[in-house]
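Structural overview for review
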Amino acid sequence: MDSTQKIIPINIEEEMKSAYIDYSMSVIVSRALPDVRDGLKPVHRRVLYGMSQLGLTFAKGHKKSARIVGEVLGKYHPHGDTSVYDTMVRMAQPWSLRYPLVNGQGNFGSVDGDSPAAMRYTEAKLERISNELLADLGKNTVDFQLNFDDSLKEPTVLPTKIPSLLVNGASGIAVGMATNMLPHNLSEVINGILAYIDNHDITIEELIEHIKAPDFPTGGTIYGTQGVHQAMATGRGRVVVRAKTEIEVTKSGKERIIVTEIPYQVNKANLIVKIAELVNSKKVEGISDLRDESDRKGMRIVIELKRDVSPNVVLSKLFKYSPLQSSYGVNNICLVDGRPELLNVKDIIREFVKFRLEVIYKRAVFDKDKATKRAHVLQGLLAALDRLDEIISLIRASKNADEAKEALMAFDFTPKGDALDSFLGENPLNGNRLSEEQAKAILEMRLQRLTGLERDKLIGEFNELILLIADLTDIIENESRRYSIIKEELTEVNDKYGDERRTDITYAEGEISIEDMIENEKVVVTISHLGYIKRTSVSEYRTQSRGGVGANAAKTRDKDFVEHIFVTNTHNYLLLFTAQGRCHWLRVYEVPKGAKASKGRAIQNLLQLQPGDKIKAYIPIENLKDEEFLKSHNLIFATKHGIVKKTDITAYSRPRTNGVNALTIRENDELIEVKLTDGSNHIILATREGKAIRFNEKDVREMGRTATGVKGIKLGDFENNVVVGMVCVAEEDEKTILVVAENGIGKRTLLDEYRPQTRGGKGVKTINVTAKTGNLIAIKAATDNDDMVIINKSGITIRLAVKNVPTTGRATQGVKLIDLRKKDAIADVGLIIDGQLEAEEDKENTEEVEGTVTENTEENTNNTSEE
């Protein structure tokens, strides 16, 4: 080691702490956080200043980006050409900045995330609005500091007239902190600042009336205002933005979603890829095609939908799972006097106005000094013109310029008589002597100034300067004048650059609510034997007279037929119970929409059913979170072997994707019906042989979700006898019991004719089953105001008013309800409760069937036996 060198031992821990603190402060102050005054980071400020020094104003031509990067890199920002070029590119992208500051020529990237061309290919200059950021820069309005090598000076802040921090926002990650400030509309921000100047005590709520919400360059729709207001009031919040969409109907009748605007900073190409992934993973279903039709005229993403798919449901799922809806965490941290602070919108406005007051004050001082110096020189010139002959003689007698200057400074300009009343009489020189500046100006004066016309011009200029100095003095001394100037300049900026909002505001709060986008309307839901489901508007069903041949209903596959039909609201839940005793959940609006003649969609695509299982029962429920409703209602289950079970509905109030076990099914048995009860109902079970049993719901004790149940009715020895249906009625209910046999015969019977029995008996006859009637197919509880829909196995449907079905004895055959042709048979009967559908008479399609009679013979009655 050289003797001149010296080793100084240090503590490595302390050295690392010191070095890291220095580094972190450098990142915070000189790199990552914007200044609250001009809203710029150092690199942005240096790019704009460097371009202005190159004379690249909006009125001039473009220059190569490489030339600009070299200027900034070599003089002000020695941190790599990539950082400088990327900064300049972003300031030129209209989808990145709400009000771009750089005018780019060439490939500056795209909203798809395409990279810009190399700097040697592109050109740039400043946008017109950048003039407002750089205005008055040469008037000592801001402080300058030495650049990295102390060879030049650069501004520490730009004297901007525009509240750039609010208008264009900022984002950056420092050490231990980060900032994310969203862009706003210039006109709204200026209106907010004007309101603050008029009332310094303005509240955040009053400011929000002017600055409604962020305004993104890519448009979109802000969903909910709670996060926006929180961000404005505290400086932190969460803003949710959705894409702008519209729904089109193609010539073929299919619907498609058109996306015209996407959320801020969302990569369009990645968005399309994400949607495609959701479709492939079946997280979002119902999309048949996806393509990008964007061009120079605007953005257009087309999402083609499958037929009978609800576009609102698909769109809601896309909002939930894809970047079509994005959230932005607002974190308004910026530098105030060199220190990072969290500011709300009023704080930012206050700091901007404070800065503008300072800029206007310094500008007025600079202009006053300049005007004062010019007036001082003019005063000397005019004094010399009033004593011109003497001044000329004095100069001609001098040997050199220095001697002439000294002679002029020694000359006595005391007015003589009235000769100088025109000027020096009102504006006498200080001590009647010229200053050095005035003497130099006289010596440098051109001979043309000696004319009388030029003298008048000088006097006019001098008088204007005197007025200007007085005005500038008033600005310097009166803060109210400076506030007025801020308002005038902001109004002028608003007139030049103000525009309309691009981002809409939707005043909706909370999580994504699909119900908000879907009308809660009554629909008919049908489920076919092979498991095809759809919902149809109630207007597609019409009432026909008893005995009509019916109208075409669902188009089903071979050997398929509609098996279930019911009316509910689109916002309701469906509890779907399978033959194997599983319970699944489905919202009605998730059921594909289709016309009455359409076949619907396989329910396996909507639910995760086990192989070979199918839906056998359904319970529409308005709200699964209504505790009062859940605790006061039960579910009654019935199987085809006569087993019944009662369970509290709360056990089925927590939906699961794969479903849950609703009850344990014995071998060769299956679930056929589930009813919702309030604990005081009577249960009637009917079998294929035409017998029915009535017992009180209280006879069935409440059991757990996975229990099997107890015996409800004995099936006897009738061939292939099974339970075909179950109804639940109140004891004082005025409903009649409607039964329909498979050959189209049906009737109604008063409830009182079914005497209550003990659970587990054989029951009593409910219809006289003969070869003409066929086996019993359905049992329903109905009133005169209800309608029923009969569906046969060929897909023919007819809607009948229940009041047209005669009320007869319990053991009779009934009347013909529907004319079955080609050895057809009834598949199912749906009941339309009073008020669920508005009846519409259609006499044109009604065909009365001859021979429709009521067979209520005494022989049949006498041969009836009860067990």
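Residues numbered from 1 in each chain as written. Predicted model: local features only at pLDDT ≥ 70, side-chain atom pairs only at ≥ 80, totals over all residues. Heavy atoms only, no water.

Focus: the nonpolar core
- In this structure, Met51, Met88, Ile349 and Val353 are the most contacted members of the largest nonpolar core, which totals 107 residues.
- Here this core takes 10 residues from helix α12 (residues 345-386), the largest share from any one element.
- Ignoring any residue separated from it by four or fewer positions in sequence, one finds Met88 in contact with Val47, Met51, Ser65, Ile68, Val102, Phe108 and Ala124.
- Counting residues in each nonpolar core, the second largest holds 25 residues, with Ile391, Ala441, Phe462 and Leu465 among its members. (Core = buried A, V, L, I, M, F, W, Y, C linked by side-chain atoms within 4.5 Å. Buried < 20%, exposed > 50% of the residue type's maximum accessible area, 1.4 Å probe, protein only. Helix = DSSP H or I, 4+ residues; strand = E, 2+ residues; numbered from the N terminus. Contact = heavy atoms within 4.5 Å.)

A closer look at the side chain of Glu188
- Among the structural elements, Glu188 can be located in helix α7 (residues 186-198).
- Within the local environment of Glu188, its side chain forms a polar contact with the side chain of Arg501, the two groups lying 3.0 Å apart.
- With near-sequence residues (within four places) excluded, Glu188 lies in contact with His210, Ile211, Lys212, Ala213 and Arg501. (Polar contact = N/O pair within 3.5 Å; in protein donor to acceptor, adjacent residues only side chain to side chain.)

Some words on the pairing of strand β31 (residues 691-696)
- Burial analysis of β31 places five of its six residues in the buried class, which makes it a mostly covered element.
- Turn length for the strand β30 (residues 681-687)-β31 hairpin, with the two strands adjacent in sequence and antiparallel, is three residues, and the turn residue Gly690 shows positive phi of about 95°. (Pairing = 2+ DSSP bridges.)

Quick notes on the environment of Thr650
- Locating Thr650 in the fold gives a position in the loop between β27 (643-648) and β28 (660-661).
- Accessibility expressed as a relative area gives 22% for Thr650, which makes it partly exposed.
- Separated by 24 residues in the primary sequence, Thr650 and Asp626 have C-alpha atoms spaced 9.8 Å apart.
- Sequence-distant contacts of Thr650, that is, excluding residues within four places in its chain, are made with Leu630 and Lys631.

Observations concerning the packing of helix α3 (residues 65-75) against helix α4 (residues 81-92)
- Closest axis-to-axis distance for the α3/α4 pair is 10 Å, and the angle between their directions is 120°. Judged by the angle between their axes, α3 and α4 are oblique. Of the two elements, α3 crosses α4, and the hand of that crossing is right-handed. Contact residues: α3 offers Ser65, Ile68, Val69, Val72 and Leu73, while α4 offers Asp81, Val84, Tyr85 and Met88. (Axes fitted to C-alpha atoms, helices over the stretch in contact; angles between N-to-C directions. Parallel < 35°, antiparallel > 145°, perpendicular 65-115°, else oblique. Left-handed = near helix turned anticlockwise from the far one by under 90°.)

A look at the UniProt feature "active site" (unreviewed entry) in the chain
- In the numbering adopted here, UniProt assigns the feature "active site" (unreviewed entry) to Tyr121.
- Its location among the elements puts Tyr121 in the loop between β2 (102-105) and β3 (123-126).
- On the basis of relative accessibility, which here comes to 53%, the residue Tyr121 falls in the exposed class. (UniProt positions renumbered as here; feature names shortened; annotations may be inferred.)

Structural notes on a nonpolar patch on the surface
- Together, Ile21, Met25 and Val29 line one region of the surface with nonpolar side chains, adding up to about 240 Å² of accessible area.
- Relative to the elements of secondary structure, Val29 occurs in helix α1 (residues 12-32). (Patch = residues over 30% accessible without salt bridge, like charges linked within 9 Å, V, L, I, M, F, W, Y side chains within 5 Å. Areas by Shrake-Rupley, 256 points an atom, 1.4 Å probe, with all protein chains shown as cover. Salt bridge = Lys/Arg side-chain N within 4 Å of Asp/Glu carboxyl O.)

Comments concerning the sheet that holds β3
- Pairing is antiparallel across the open sheet formed by three strands, whose spatial order is β1-β3-β2. If you trace the sheet from one side to the other, it starts and ends with β1 (63-64) and β2, each paired once.
- As paired strands, β2 and β3 are joined by four bridges and run antiparallel to one another. Bridge assignment links Val102 to a residue of β3, and that residue is Leu126.
- Together, β2 and β3 form the strand contacts of helix α2 (residues 42-53), whose direction differs from that of β3 by roughly 90°.

What to know about the pattern of salt bridges
- Using the criterion set out here, one finds 41 salt bridges in the structure.
- Across the pair Asp112 and Lys268 runs a salt bridge, and its minimum N-O distance is 2.9 Å. One end of the pair, Asp112, is in the loop between β2 and β3; the other, Lys268, is in helix α10 (residues 268-280), with 156 residues separating them in the sequence.
- The salt bridge involving Glu670 is made with Lys616; its shortest N-O contact spans 3.5 Å. You can see Glu670 sitting in the loop between β28 and β29 (671-677) and its partner Lys616 sitting in strand β25 (residues 615-621), a full 54 residues away along the chain.
- For Glu670, a relative accessible area of 22% translates into the label partly exposed.

Notes on the sheet that holds strand β34 (residues 736-741)
- The strand order across the open sheet formed by four strands is β37-β34-β35-β40, and the pairing between neighbours is antiparallel. Looking at the sheet topology across the chains shown, the edges are occupied by β37 (776-782) and β40 (815-816).

Observations concerning the pairing of β30
- Within β30, seven of the seven residues are buried, which leaves it mostly tucked inside the rest of the structure.
- Neither face of β30 is exposed, since Asn681, Ile683, Leu685 and Thr687 on one face and His682, Ile684 and Ala686 on the opposite face are all buried.
- Sheet topology note: the β30/strand β33 (residues 723-730) ladder contains seven bridges and is antiparallel. Paired with Ala686 across the bridge in β33 is Gly725.
- The pairing of β30 with β31 spans five bridges and is classified as antiparallel. Paired with Ile684 across the bridge in β31 is Arg694.

Quick notes on helix α14 (residues 401-410)
- Taken as a whole, α14 has its buried residues at Ala404, Lys405 and Leu408. With its buried residues spanning 100° around the axis, α14 presents them on a single face. Exposed side of α14, more than 90 degrees from the buried face: Asp402, Glu406 and Ala410 are the residues found there.
- On its buried side, α14 packs onto α13 (388-397) and α15 (436-444).
- A distance of 3.2 Å separates the backbone nitrogen of Asp402 from a side-chain oxygen at the start of α14, and that oxygen is part of Asn400. (Arc of directions from axis to C-beta.)

Some words on a negative patch on the surface
- The grouping of Glu622, Asp626, Glu627 and Glu628 at the surface amounts to a negative patch.
- Its location among the elements puts Glu628 in helix α18 (residues 627-631).
- Glu628 gets classed as exposed once you look at its relative accessible area, which sits at 68%. (Lys, Arg positive; Asp, Glu negative; His and termini not counted. Charge placed at Lys NZ, Arg CZ, Asp CG, Glu CD.)

A closer look at the environment of Thr807
- Position of Thr807 relative to the elements: it lies in the loop between β39 (796-801) and β40.
- On the basis of relative accessibility, which here comes to 39%, the residue Thr807 falls in the partly exposed class.
- Placed 59 residues apart in sequence, Thr807 and Arg748 show a C-alpha to C-alpha distance of 4.5 Å.
- Ignoring any residue separated from it by four or fewer positions in sequence, one finds Thr807 in contact with Arg748, Thr749 and Leu750.
- Here Arg748 takes part through its side chain, which lies 3.5 Å from a polar atom of the side chain of Thr807.

Side note on the packing of aromatic side chains
- Per the counting criterion, the structure on display carries eight aromatic pairs.
- When the ring of Tyr49 is compared with that of Phe144, the centres are 6.2 Å apart and the planes differ by 70°; the resulting orientation is edge-to-face. On the criterion of sequence distance, the pair formed by Tyr49 in helix α2 and Phe144 in strand β4 (residues 144-146) is long-range, its members being 95 residues apart.
- Chaining the aromatic ring pairs together yields one cluster made of Tyr49, Tyr76 and Phe144.
- The ring of Tyr573 carries the charged tip of Arg587 above its face, separated from the ring centre by 4.0 Å.
- Geometry around Phe637 places Lys645 over its ring, the cationic atom sitting 5.1 Å from the centre. (Phe/Tyr/Trp six-rings, centres within 6.5 Å; stacked < 30°, edge-to-face > 60°. Lys NZ or Arg CZ within 6 Å of the ring centre and 35° of its normal.)

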